[in-house]
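Listed below are the residues making up each chain.
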Amino acid sequence: AGRKQRAAARRKAFSLFVKAKEVPAASRCPGGGEGVRWRCCRQAFEELPGIHRHVALHHSGDVGRQAGLGAGPAEAGGSPAGGSAASGQPCGNPEISGALPDTSHVSYDDLTSQVGEVLLYYCYCEVRDPEKLCAWQKALCQHLHLTGKVRVASEGINGTVGGSKVATSLYIKVMLSQPLFKNILCQEDFKSSAGGAHCFPDLRVGVFKEIVPMGIDPKIVSYKETGIHLSPQEFHREVEQYLSQATQGQSDTILLDCRNFYESKIGRFQGCLAPDIRKFSYFPSYVDENLELFKDKRVLMYCTGGIRCERGSAYLRSKAVCREVYQLKGGIHKYLEEFPDGFYRGKLFVFDDRYAICSNEDIISACRYCGALWDQYKLCSSQHCRQLVLTCPSCCNKGFTACCPVCQEKELKVTSRASGQTLKEECECTRKRPRVPIEHGTPRMLDIGK
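Criteria and thresholds
- Residues numbered from 1 in each chain as written.
- Predicted model: local features only at pLDDT ≥ 70, side-chain atom pairs only at ≥ 80, totals over all residues.
- Heavy atoms only, no water.
- Helix = DSSP H or I, 4+ residues; strand = E, 2+ residues; numbered from the N terminus.
- Phe/Tyr/Trp six-rings, centres within 6.5 Å; stacked < 30°, edge-to-face > 60°.
- Buried < 20%, exposed > 50% of the residue type's maximum accessible area, 1.4 Å probe, protein only.
- Expected span 1.5 Å × (residues − 1).
- pLDDT = per-residue confidence, 0-100.
- Contact = heavy atoms within 4.5 Å.

### Considering unusual backbone geometry
Next, step 1: With a phi close to 60°, aspartate 296 is a non-glycine residue in the positive phi region.
Next, step 2: Note on placement: aspartate 296 falls in the loop between α10 (291-294) and β12 (298-302).
Next, step 3: Not every positive phi belongs to a glycine, and tyrosine 355 is a case in point at roughly 70°.

Okay, here's the thing in structure tokens:
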């Protein structure tokens with residue numbers, strides 16, 4: 001009877017905690033929208049399972065205290081909709097299962113089919129044993145013949161893997177059943193696009209300090225201090241309103257692209273501020289050097305799948321200069337699923353051998369040499385260089401295959417030298433671009449009104 005009373009008290013406390021996070025209709029997201037909404041820890045939730053997962057993961061102690069049960073582990077059946085952590089495990093720190101899926105019912109041809117997809121996902125959570133999670137991920141991907149890149153850290157996991165649809169389906173199923181992710185990761189957190197194992201040269205799984213390399217200790221700038229998440233529909237409404245005001249010179253909002261310059265070069269939101277940075281690890285310095293730009297502004301941030309915004313928005317918020325910081329939940333990937341012909345124009349850059357995926361017919365970039373519309377990247381032909389270059393077929397046929405004339409000249413020198421001699425990776429592309437650009441006066445907004 002005592003256990004039932006405690007469970008009932010916890011369920012009631014859980015419901016009251018969730019109810020307290022409900023947002024009145026008059027105070028909902030600036031973009032408007034229908035349906036019940038909740039806000040907690042600066043995050044927005046549209047659906048009940050989402051707020052339930054969040055409360056179970058991050059507020060188990062608060063719920064326990066409210067129920068008069070202390071801050072210990074959740075009782076079995078303690079929260080609705082399967083919201084609690086695995087019974088007997090501290091909330092957010094369950095044991096890592098090393099189980100692999102049964103593939104005996106699947107033919108080898110189906111498991112290794114070249115017709116498949118590429119998955120993109122991430123999950124922030126506390127990982128007590130990153131090495132164990134890394135070993136399991138490597139074994140799982142090899143078992144399913146998946147290729148790609150997976151980063152593991154004490155703050156979570158970030159992965160992009162390619163394989164047959166049978167293999168990726170099994171991968172998602174196993175990931176969702178992993179106790180470590182069970183109350184956090186959900187089906188919609190996996191973004192998919194046409195591809196397969198051939199999109200990556202191999203499989204790379206490793207343990208790192210950060211699951212996205214921003215270059216700042218996660219203990220100093222935590223994903224828990226992120227900006228307010230906006231659904232694709234909410235973000236779309238916000239961008240629409242921003243563009244309408246910006247054309248009249250009345251906007252107090254900055255639409256900020258968190259990606260690298262070569263990503264925004266071939267695809268971006270209309271009217272965005274796209275920093276001319278080469279790596280995400282330069283983003284904090286970019287913010288520091290341009291604080292005045294963000295002062296008293298509302299900032300709408302976006303990136304490919306959402307992960308860079310998690311840490312990027314937390315860093316921007318830590319500077320306490322913005323009026324408010326919002327971010328696109330699920331990134332451009334999820335936005336394009338719902339608005340393929342919306343305010344994002346051009347291609348979406350991806351970090352695999354495809355280089356880009358397409359949702360609309362727009363080409364917003366040009367050939368490096370002749371200026372013709374072109375948006376298909378290739379690696380610079382100079383062996384010492386790892387820069388990407390946009391060079392159209394016509395210019396390629398003329399021998400213009402390097403990222404710049406300096407590299408073109410170096411390539412000729414390398415081929416005429418004895419084997420084993422190399423040149424330093426430095427060319428016009430790297431020399432002319434400042435490591436951290438400083439915006440002067442009004443921010444450079446791209447393509448407003450188009």
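### A few points about the packing of aromatic side chains
Next, step 1: Under the criterion given, the structure shown has 18 aromatic pairs.
Next, step 2: Centre to centre, the rings of tyrosine 121 and tyrosine 171 are 6.0 Å apart; their planes meet at 55°, and the pair counts as tilted. Remark: tyrosine 171 occurs in helix α6 (residues 165-177) and tyrosine 121 occurs in strand β3 (residues 116-124); sequence separation between them is 50 residues.
Next, step 3: Judged by its relative accessible area of 1%, tyrosine 121 is buried.

### Considerations on helix α11 (residues 307-318)
Next, step 1: A rise of 1.5 Å per residue sets the reference length of α11, with its 12 residues, at 16 Å; its end C-alpha atoms lie 17 Å apart and thus fit the reference within 8%.
Next, step 2: The element α11 is largely enclosed, with a buried count of 10 among its 12 residues.
Next, step 3: Among all positions of α11, only Ile307, Arg308, Cys309, Glu310, Arg311, Gly312, Ser313, Ala314, Tyr315 and Leu316 are buried.
Next, step 4: In the segment just after α11, alanine 320 is the residue with positive phi, at about 55°.

### Some points on the confidence of the model for the protein chain
Next, step 1: Predicted confidence across the protein chain gives a mean pLDDT of 85, with 84% of residues reaching 70 or more.
Next, step 2: Here residues 70-92 is a poorly scored stretch, pLDDT under 50, and it has 43 contacts once near neighbours within four places are set aside; other chains count.

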